[in-house]
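Observations on the three-dimensional arrangement
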Amino acid sequence: MGHACYRIFLKTVPYIMNKPEVIGKEGLNRLIQILTGMGYQVIGPTVRDEAIVYDSVHSIEDLPAGWTDEQEGGTYRLKKRSDEALFGYTLGPHSWKQFLHPPERRLWQAQKDSLGFDIVPEKLNNIKYAFLGVRSCELHAIAIQDKVFIQSPHTDLHYQSLRQNALFVAVNCGQAGNTCFCVSMQTGPKVEMGYDLVLTEILDDECHTFLISAGSDAGKTILKAVEAKPAGENEVKRAEEIIANTANQMGRTMATENIKELLYENVEHPAWEKIAGRCLSCANCTMVCPTCFCSTVEDVTDITGDHAERWQKWDSCFTMDFSSIHGGAVRNSTQSRYRQWMTHKLASWQDQFDTSGCVGCGRCITWCPVGIDLTREVAVIRESQPDQAGKLSGSGGQNENS
Ligand code: SF4
Ligand code: SF4
């Protein structure tokens, strides 16, 4: 059906390599089969436990056809759409970091022998992941984690190995969620960097097609094998309209001008105490955040004492142990922990990594059990500044247009 839809445009635009092309649902299925045949483990959106989560995908049958999500602070619900869109949701609780920087990973093992302990480092993981359905904000998040794990004096070889082997099939967002603010963070919704292939899902009348273009040599090679058809002007225009419409739907905004200075100058602001009255210090926000990277190590041994292992595990600045040093924890109040998290994300991250630590995905708002919203908290501090009198609108928080 999809091919019949774009056939009418074939003669309007001459076929030129690297110009956008079009595939139907069967073409998308072919893409998954090609990637699988190339040895990639294809990971994409699936429905599980009443959420859209990233898992192995073997055909388009595994994708969340006809599902969307409704999100607000502390709320996430799956809902049926009136169409059969395959990427008609925004973002679920998972991010791609669970594959590139897994929640738990063994670093080495020690086995006792006659001479002492033999240390066996963990082999690098050579899995080739093809990530399907990656959104623009998520590509920005991965670029941020690249800075942390690869472009730093201490390269994480495990992350680097998985990252170098990974292939990214991105998707331009066809709708924004109530907690999205990628436009404020300049990270979306249009995919512009870090992808091998990018899709835009077009559902109009009888048509269900995907505009597809390559962003790398690997993507070009795969696109040739997919046997896509040249896109027509109308399809290119429709895709741009979809992305522009998404940009106008952002549920949240955040004013980022001088945000670093704003937060540095307000470390004693009364807002932190108020947030602490609600914050449960549960660490959900850091677990779902696609850029949070903190981890701890744990050593375990078997009952004989002959075998020991060291494991790396995700950690969070919201736990008491996280800031424990000789003599006790440095941040022993919820107030200090929330302030540390938000100030690091939005301010000191800039000093450390030359970028914001937030890409505006909104997950920390949706998955905070009490609905704490960093866009609102920034706005509260901004609006309390003497120089903000008279220009309070647009400082951030929930978008009145949403
Ligand atoms: S801080 Fe919140 S909105 Fe920003 S990237 Fe992390 S989870 Fe997304
Ligand atoms: S801000 Fe929300 S998600 Fe984060 S630690 Fe506090 S209660 Fe948990």
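Since the structure is predicted, the reported quantities are computational estimates derived from the model, not experimental observations.

Attention now moves to the side chain of Thr 291. Mapped onto the elements, Thr 291 comes out in the loop between helix 11 (284–288) and strand 14 (295–301). Apart from residues no more than four positions distant in its own chain, Thr 291 is found in contact with Ala 141, Ile 144, Gln 145, Lys 345, Trp 349, Gly 357 and Val 359.

Attention shifts here to the site of ligand 2. Among the 13 residues in the neighbourhood of ligand 2, the closest are listed as Cys 279, Leu 280, Cys 282, Cys 285 and Cys 368. Looking at side-chain class alone, the shell around ligand 2 contains eleven nonpolar, two polar and no charged residues.

Moving on, we come to the domain arrangement of the chain. The extent of an interface is frequently quoted as the accessible surface area lost upon association of the parts. Here the chain is partitioned into domain 1 (2–249) and domain 2 (253–398). With 44 residues of domain 1 in contact, the opposing surface of domain 2 contributes 41 residues. When domain 1 packs against domain 2, close to 3,700 Å² is buried across both sides, 59% of that on carbon and sulfur atoms. Area buried by domain 1 at its contact with domain 2 is led by Lys 97, Ile 144 and Phe 181, which between them contribute 17% of it. Run the count over domain 1 and domain 2 and you get three salt bridges.

Moving on: helix 8 (residues 233–247). Since the α-helix packs 3.6 residues into each turn, any two residues three or four apart lie on the same face. The terminal C-alpha atoms of helix 8 lie 21 Å apart, and with 15 residues this matches the ideal 21 Å at 1.5 Å per residue to within 8%. Three or more residues of helix 8 are buried, namely Glu 235, Ala 239, Ile 242, Ile 243 and Thr 246. Looking straight down helix 8, one finds that the buried residues subtend no more than 90° of arc, so they occupy a single side. For helix 8, the exposed residues lying more than 90 degrees away from the buried face are Glu 233 and Lys 237.

A large share of strand 8 (residues 129–134) lies buried, amounting to six of its six residues. As paired strands, strand 2 (residues 41–48) and strand 8 are joined by three bridges and run parallel to one another. Counterpart to Gln 41 in the pairing with strand 8 is Tyr 129. Sheet topology places strand 8 next to strand 9 (residues 167–171); four bridges connect them, and they run parallel. Following the sheet pairing, Val 134 is matched in strand 9 by Ala 170.

All residues in the neighbourhood of ligand 1 are listed as Phe 181, Cys 289, Pro 290, Trp 341, Lys 345, Cys 358, Val 359, Gly 360, Cys 361, Gly 362, Arg 363 and Cys 364. Those elements that place two or more of their residues in the shell around ligand 1 are helix 12 (334–353) and helix 13 (363–366). Residues of the shell around ligand 1, tallied by class, amount to eight nonpolar, two polar and two charged.

Bringing the side chain of His 158 into the picture now. If you trace the backbone, His 158 turns up in helix 5 (residues 157–165). With a relative accessible area of 14%, His 158 lands in the buried category. Here His 158 is in contact with Arg 105, Glu 122, Lys 123 and Leu 124, once residues within four sequence places are set aside.

Before going further, it helps to examine the packing of aromatic side chains. The tally for this structure, following the rule as stated, stands at 18 aromatic pairs. With a centroid separation of 4.9 Å and an interplanar angle of 35°, the aromatic rings of Tyr 76 and Trp 367 are classed as tilted. Of this pair, Tyr 76 sits in strand 5 (residues 75–80) while Trp 367 sits in the loop between helix 13 and helix 14 (374–383); the two residues are 291 residues apart in sequence, bridging distant segments of the chain. By relative accessible area, which is 23% here, Trp 367 ends up partly exposed. Ring pairs connect the aromatic residues Tyr 54, Trp 96, Phe 99, Tyr 129, Phe 131 and Phe 168, which therefore count as one cluster.

The next point concerns the sheet that holds strand 11 (residues 207–214). Reading across from one edge, 3-2-8-9-10-11-1-12 is the order of the eight strands in this open sheet, with mixed pairing throughout. Every other strand in the sheet has two partners, leaving strand 3 (51–56) and strand 12 (229–230) as the edge strands with one partner each. Running over the sheet, helix 2 (residues 25–37) touches strand 1 (21–24), strand 2, strand 8, strand 9, strand 10 (197–204) and strand 11 and is turned about 95° from strand 1.

On to the environment of Leu 86, then. Checked against the element boundaries, Leu 86 lands in the loop between strand 5 and helix 3 (97–100). On a C-alpha basis, the gap between Leu 86 and Ile 34 in space is 19 Å, while along the polypeptide they are 52 residues apart. Discounting chain neighbours no more than four positions away, the residues touching Leu 86 are Lys 25, Leu 28, Ile 60, Leu 63, Pro 64, Ala 65, Glu 201, His 208 and Phe 210.

Before going further, it helps to spend a moment on the state of the cysteines. Applying the stated criterion to the full structure yields zero disulfides. Residue Cys 292 stays outside any disulfide, its sulfur separated by 3.9 Å from that of Cys 289, the closest cysteine. Classification of Cys 292 by relative accessible area gives buried; the value is 12%.

The sheet built from four strands is open, its strands ordered 7-6-15-14 with antiparallel pairing. Every interior strand has two partners, whereas the edge strands, strand 7 (116–121) and strand 14, have only one. Put simply, the sheet's adjacent strands are angled 20° from each other on average, direction ignored. Summarising the sheet, strand 14 and strand 15 (residues 307–314) pair through seven bridges and their orientation is antiparallel. Paired with Glu 298 across the bridge in strand 15 is Trp 311.

Definitions and cut-offs
Within any chain, residue numbers begin from 1 and follow the written order of that chain's sequence. Going through the entries in the order they are written, you letter the chains from A and number the ligands from 1. Selection of residues for local features in this predicted model requires a pLDDT of at least 70, selection of side-chain atom pairs for listing and counting requires 80 or more, and totals for whole chains, interfaces and linings are taken over all residues. Working from all heavy atoms in the structure, the side-chain values ignore hydrogens and water. A run of H or I in DSSP counts as a helix once it spans at least four residues, and a run of E counts as a strand once it spans at least two, with each numbered from the N terminus. Residue contacts are counted whenever heavy atoms from the two residues lie within 4.5 Å of one another. The criterion for a residue being near a molecule or strand is simple. One of its heavy atoms has to lie within 4 Å of it. Note that Gly is not counted as nonpolar here; it falls among the polar residues with everything else outside the nonpolar set of Ala, Val, Leu, Ile, Met, Phe, Trp, Tyr, Cys and Pro and the charged set of Asp, Glu, Lys and Arg. In this entry, domain limits derive from an automatic or database-based domain assignment. Take the accessible area each of two parts loses on contact, using a 1.4 Å probe, and add the two losses: that sum is the buried area. Every case where a carboxyl oxygen of Asp or Glu lies within 4 Å of a side-chain nitrogen of Lys or Arg is listed as a salt bridge. Any helix carries an expected span of 1.5 Å times its number of residues minus one. Think of it in three bands: with a 1.4 Å probe and only protein chains considered, a residue is buried below 20% of the maximum accessible area for its type, exposed above 50%, and partly exposed in between. What the arc covers is the set of directions going from the helix axis to the C-beta atoms. A pair of strands is labelled paired if DSSP reports no fewer than 2 bridges between them. Two rings from Phe, Tyr or Trp (for Trp, the six-membered ring) form a pair when their centres sit within 6.5 Å of each other. Planes less than 30 degrees apart are called stacked, planes more than 60 degrees apart edge-to-face, and all others tilted. Working convention: axes come from line fits to C-alpha atoms, limited for helices to the stretch in contact. Angles between N-to-C directions cover 0 to 180 degrees. In this description, a disulfide is simply a cysteine sulfur pair whose atoms lie within 2.5 Å.

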